[in-house]
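Architecture at a glance
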Amino acid sequence: MSNTLLIHNIKTLVQVRENKAPISGLAMAELPCLENAWLLLENKKIKDFGKMDNCPERADQIIDATDRMVFPCWCDSHTHLVFAGSREAEFVDRIRGLSYEAIAKRGGGILNSAQKLRSTPEDTLYEQAERRLAEVIGFGTGAIEIKSGYGLTTEAELKMLRVIRRLKDGSSANIKATFLGAHSIPMEYRQKREAYIRILIEEMLPQIAEEGLADYIDVFCEKVAFSISETDQILEAGAKYGLKPKIHTNQFNCMGGIQTAIKHNAISVDHLEVLTTVEIEALKGSSTLATLLPSAPFFLSDHYPPARKLLDADVPVALASDYNPGSTPSGRMSFVLSLACLKMGMLPEEAINAATLNGACAMELGTELGSIAKGKSANVWISRPIPSIAYLPYAFGSDLVEKVILEGKIQ
Ligand code: NIG
Ligand code: FE
């Protein structure tokens, strides 16, 4: 039986395009829209849309969107939404003058979260994550990538990935799972790193593959985490199980992480707070997306990635939240957009393209999500009355999401 939902009298239907592949350069500044429009959703998909002068009269459910805009849901392609508890004590330590890296070195940071996670039962972890997921869906997120990486033992990494699997099964949002066992070397292996990497490759990966728990593999490729040769070794091992890379790199150091990611055909390289011209050139000739996470440097009072240089070099740019307990305790994508505009010089249109279509592509979901097109998933959000598209990143503290619709159902 078909089930239809009609949204009519839409002031502006935003991001109306057929594209399935990432866009870059000048195309990023174009945001195709339809004024005074309607949108018909049927059985989890976008059935049709048009101008109000040919609006269908009937549907099972009708929403009046007078003065409101309709957007495709945000596609948040980089998060660590499954974690135990919180780390506000480290936030206060940083206010008092300690650096993020110094906190990590003394066994805080990621290892602090790992300790908490190991002692948290799977059901509790699931409940905490489910609440966060409901919160970000309320912010307009309809597709999300979630990483492991706070377990750092076989048992705890599997626990995290099983929680992600449960979230996938129970949610109308599209969820992708990434194995990030290479997030940090656990304290007990600091003097024998290769032993941890061996467990990751010989114990964790085979079990994860057997249970089909991950879509991607990630490595935190940084001086404080994993070296280039370790990254190489881990990505090669992941490839044997069909796991494509999405890499954390260039958050603090330029050490070849980007070139390594490209060599392994990574879907994306994420962070890029520090970036050289040579690295931008390497990305330009590759199929690897640049995913920027401006909430992390905001929260850590760090440099913002050179988004303009990437855009001017025609590199496809995606924006994501990096929601995690250490560097970004927030999954609010509209705030990510405000930072992209204010701190990285992106135009509102560029930021919206980066957080929708290119974000979808950074999760290989470009054929299903990221724009308003017939046949794509019925994952959209309706704004409160707003005067213009630019008002969204401009009014940075306001909650401008009125209704979220996932798979054609009001959430
Ligand atoms: O993407 N940089 C590595 N991982 C996370 C932060 C992890 C943490 O502090 O818990 C990030 O920023
Ligand atoms: Fe991250």
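Note that the structure is predicted; figures quoted are calculated from it, not measured.

1. A few points about the overall build of the chain
When you go through the chain residue by residue, the secondary structure sums to 15 helices and 16 strands. When its C-alpha atoms are laid out on the principal axes, the chain stretches across 70 × 45 × 45 Å. The proportion of buried residues among the 411 residues of the chain is 60%. Expressed as a percentage of contacts within the chain between residues at least 6 apart in sequence, the contacts between residues at least 24 apart total 73%. Accessible surface computed for the chain: about 15900 Å², of which carbon and sulfur atoms make up 49%.

2. Considering the domain arrangement of the chain
Each assigned domain of the chain is listed here: domain 1 (4-72 + 371-410) and domain 2 (74-361). Here the C-alpha centre of domain 2 lies 29 Å away from the C-alpha centre of domain 1. Across the contact, 30 residues belong to domain 1 and 32 residues belong to domain 2. A buried area of about 2500 Å², summed over both sides, lies between domain 1 and domain 2, and 65% of it is on carbon and sulfur atoms. Sorting the residues of domain 1 by area buried against domain 2 places Met28, Pro393 and Leu406 first, and these three jointly supply 24% of that buried surface. At the junction of domain 1 and domain 2, the tally comes to 11 residue pairs in polar contact (both at pLDDT 80 or more). Only strand E5 (69-72), helix H15 (391-394) and strand E15 (401-406) provide two or more residues apiece to the side of domain 1 that touches domain 2.

3. Some remarks on the site of ligand 1
In the vicinity of ligand 1 lie 15 residues, with Arg87, Tyr100, Tyr150, His183 and Ser327 positioned nearest. The side chain of histidine 183 places a nitrogen or oxygen atom 2.8 Å from a nitrogen atom of ligand 1. Notes on ligand 1: free accessible area 330 Å², of which the protein chains cover 100%. For the shell around ligand 1, the class distribution of residues is four nonpolar, nine polar and two charged.

4. Considering the sheet that holds strand E10 (residues 244-249)
Spatially, eight strands are ordered E6-E7-E8-E9-E10-E11-E12-E13 in an open sheet, and the strand pairing comes out parallel. At either end of the open sheet lies a strand with only one pairing partner, and these are strand E6 (74-76) and strand E13 (317-319). Averaged over all neighbouring strand pairs, the angle between strand axes comes to 25 degrees, with direction disregarded. Bridge count for strand E8 (residues 174-182) against strand E9 (residues 216-221) is three bridges, and the pairing is parallel. The partner of alanine 182 across the bridge, within E9, is valine 219.

5. Side note on the pattern of salt bridges
Summed over all chains, the structure comprises 17 salt bridges. Here arginine 106 ties to aspartate 93 by a salt bridge, and the two come within 2.9 Å at their closest N and O atoms. Placement of the pair is arginine 106 in the loop between helix H2 (100-105) and helix H3 (110-118) and aspartate 93 in helix H1 (residues 88-95), with a sequence separation of 13 residues. The class for arginine 106 is partly exposed, based on a relative accessible area of 48%.

6. Quick look at helix H5 (residues 154-170)
Each α-helix turn comprises 3.6 residues. Residues three or four places apart therefore point the same way. With 17 residues, H5 ought to run about 24 Å at 1.5 Å a step, and its terminal C-alpha atoms sit 24 Å apart, in line with that. Each element contacted by the buried residues of H5 is listed here: H3, helix H4 (122-138), strand E7 (141-147), E8 and helix H6 (193-211).

7. Section: the packing of H6 against helix H7 (residues 228-240)
Viewed as axis vectors pointing N to C, H6 and H7 meet at an angle of 10 degrees, and their least axial separation amounts to 10 Å. Accordingly, the angle class assigned to the pair H6 and H7 is roughly parallel. Residue-level contacts link Arg193, Ile197, Leu200, Ile201 and Leu205 of H6 to Glu230, Gln233, Ile234, Ala237 and Gly238 of H7. Here the contact of H6 with H7 is built from residues that sort into six nonpolar, two polar and two charged.

8. Some remarks on the coordination of the iron ion (ligand 2)
Geometry sets the ideal angles at a metal, namely 109.5 degrees for four tetrahedral donors and 90 or 180 degrees for six octahedral donors. Protein coordination at the iron ion (ligand 2) comes from His78 (NE2), His80 (NE2), His248 (NE2) and Asp322 (OD), with a distance range of 2.1 to 2.2 Å. All donor residues of the iron ion (ligand 2) come from one chain, and their arrangement in sequence is H-x1-H-x167-H-x73-D. Taken together, the residues span a long stretch of sequence, with histidine 80 in the loop between E6 and H1 and histidine 248 in strand E10 at a distance of 168 residues. The two residues histidine 80 and histidine 248 agree in class, both being buried.

9. Focus: the side chain of glutamine 251
Looking at where glutamine 251 falls in the secondary structure, it is placed in the loop between E10 and helix H8 (257-263). Each residue touching glutamine 251, except ones within four places of it in the same chain, is listed here: Tyr100, Phe220, Glu222, His271, Glu273, Val274, Leu300 and Asp302.

10. Quick notes on a nonpolar patch on the surface
On the surface, Phe91, Val92 and Ile95 cluster together into a nonpolar patch covering about 270 Å² of accessible area. Position of phenylalanine 91 among the secondary structure elements: in helix H1.

11. Overview of the environment of lysine 11
Relative to the helices and strands, lysine 11 resides in strand E1 (residues 4-14). In sequence terms lysine 11 and tryptophan 38 are 27 residues apart; their C-alpha atoms lie 9.1 Å from each other. In contact with lysine 11, not counting residues within four places along its chain, are Leu34, Glu35, Asn36, Ala65, Asp67, Arg68, Met69, Ile386 and Pro387.

Rules and cut-offs
- Starting from 1, residues in each chain are numbered consecutively following that chain's sequence as written.
- Here chains are named by letter from A upward and ligands by number from 1 upward, in the order in which they appear as written.
- Local features in this predicted model are restricted to residues whose pLDDT is 70 or higher, and side-chain atom pairs enter the listing and the counts only when it is 80 or higher, whereas totals over whole chains, interfaces and linings include all residues.
- Side-chain calculation: all heavy atoms of the structure are included, whereas hydrogens and water are not.
- Here a strand is any run of E in DSSP of at least two residues, a helix any run of H or I of at least four, and the numbering for each starts at the N terminus.
- For every residue, the accessible area (1.4 Å probe, protein chains only) is compared with the maximum for its type, and the residue is labelled buried under 20%, exposed over 50%, or partly exposed between those bounds.
- Pairs of residues are marked as contacts when any of their non-hydrogen atoms sit within 4.5 Å.
- Where accessible areas are quoted, they stem from the Shrake-Rupley method and a 1.4 Å probe; at the residue level, only the protein chains shown are allowed to cover.
- Domain boundaries shown here were taken from an automatic or database domain assignment.
- Buried area is understood as the total, over both parts, of accessible area removed when two parts are fitted together, assessed with a 1.4 Å probe.
- Polar contact is the term for a pair of N or O atoms within 3.5 Å; when the atoms are in protein, one must be able to donate a hydrogen and the other to accept it, and sequence-neighboring residues count only if both atoms are side-chain atoms.
- Summary of the distance rule: residues count as near a molecule or strand when at least one heavy atom falls within 4 Å of that molecule or strand.
- When residues are sorted by character, Ala, Val, Leu, Ile, Met, Phe, Trp, Tyr, Cys and Pro go into the nonpolar class, Asp, Glu, Lys and Arg into the charged class, and all the rest, Gly among them, into the polar class.
- A pair of strands is labelled paired if DSSP reports no fewer than 2 bridges between them.
- Lines fitted to C-alpha atoms define the axes here, with helix axes fitted over just the stretch in contact, and angles between the N-to-C directions of these axes take values from 0 to 180 degrees.
- Each salt bridge in this description consists of a side-chain nitrogen of Lys or Arg and a carboxyl oxygen of Asp or Glu lying within 4 Å of one another.
- Take the residue count of a helix, subtract one, and multiply by 1.5 Å to get its expected span.
- For classification, angles of less than 35 degrees are called roughly parallel, those exceeding 145 degrees roughly antiparallel, those between 65 and 115 degrees roughly perpendicular, and all remaining angles oblique.
- With water excluded from the atoms, a metal site may look incomplete; its donors are any N, O or S atoms within 2.8 Å, or within 3.2 Å for Na, K and Ca.
- Patch construction takes residues with relative accessible area above 30% that form no salt bridge. Like charges are linked within 9 Å, and nonpolar side chains (Val, Leu, Ile, Met, Phe, Trp, Tyr) are linked within 5 Å.

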